[in-house]
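One letter stands for each residue in the lines below.
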Amino acid sequence: MLDRGASPAAPARQRFRCLACLTFVHGTERGYCPRCGAAAPSITLARPAAAPRRWTPRQLLVGAGLALVALGQAWLWLRT
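Residues numbered from 1 in each chain as written. Predicted model: local features only at pLDDT ≥ 70, side-chain atom pairs only at ≥ 80, totals over all residues. Heavy atoms only, no water.

## Here's the deal with the overall build of the protein
Within the protein, the regular secondary structure consists of 1 helix and 2 strands. Secondary structure elements in the protein, listed N-terminal to C-terminal, are β-β-α. Across the 80 residues that make up the protein, the buried fraction comes to 9%. Counting contacts in the protein only where the partners sit at least 6 residues apart, residues at least 24 apart contribute 9% of the total. As displayed, the protein offers around 7800 Å² of accessible surface, 62% of which is attributable to carbon and sulfur atoms. (Helix = DSSP H or I, 4+ residues; strand = E, 2+ residues; numbered from the N terminus. Buried < 20%, exposed > 50% of the residue type's maximum accessible area, 1.4 Å probe, protein only. Contact = heavy atoms within 4.5 Å. Areas by Shrake-Rupley, 256 points an atom, 1.4 Å probe, with all protein chains shown as cover.)

Printed below as a string of structure tokens:
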């Protein structure tokens, strides 16, 4: 079953939003915008690189609090 009168001889052209014209167009056979000739935006399948993990202020405060509690416990244990 064919959709909307498409003929089997006509190749399906890619629709995309042209970043130069800012319009939604049917690309040419080679994937360019018919209005301005800009290439269609490509979708990368690779995952972006993860940013290095940084310590947040909240994590630093919790860590400092736990260190103070541990030092207090050690001081009380040594005092007895």
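The structure having been displayed, the exposition proceeds.
## Some remarks on the environment of Arg-30
With respect to the element layout, Arg-30 can be found in the loop between strand S2 (24-26) and helix H1 (57-79). A relative accessible area of 75% means that Arg-30 is categorised as exposed. Sequence separation between Arg-30 and Gln-14 is 16 residues, and the spatial gap between their C-alpha atoms is 9.5 Å.

## Some words on unusual backbone geometry
Peptide bonds are mostly trans, and most non-glycine residues show a negative phi. One non-glycine residue, Leu-22, lies in the positive phi region at around 60°. Mapped onto the elements, Leu-22 comes out in the loop between strand S1 (15-17) and S2. Overall, Leu-22 belongs to the exposed group, its relative accessible area being 55%.

## A word on H1
Count 3.6 residues to each turn of an α-helix, and residues three or four apart come out pointing the same way. Compared with an ideal rise of 1.5 Å per residue, which puts 23 residues at 33 Å, H1 spans 33 Å between its outermost C-alpha atoms and is within 8% of the ideal. The buried fraction of H1 amounts to 0 of the 23 residues, a small share that puts the element mostly on the outside. (Expected span 1.5 Å × (residues − 1).)

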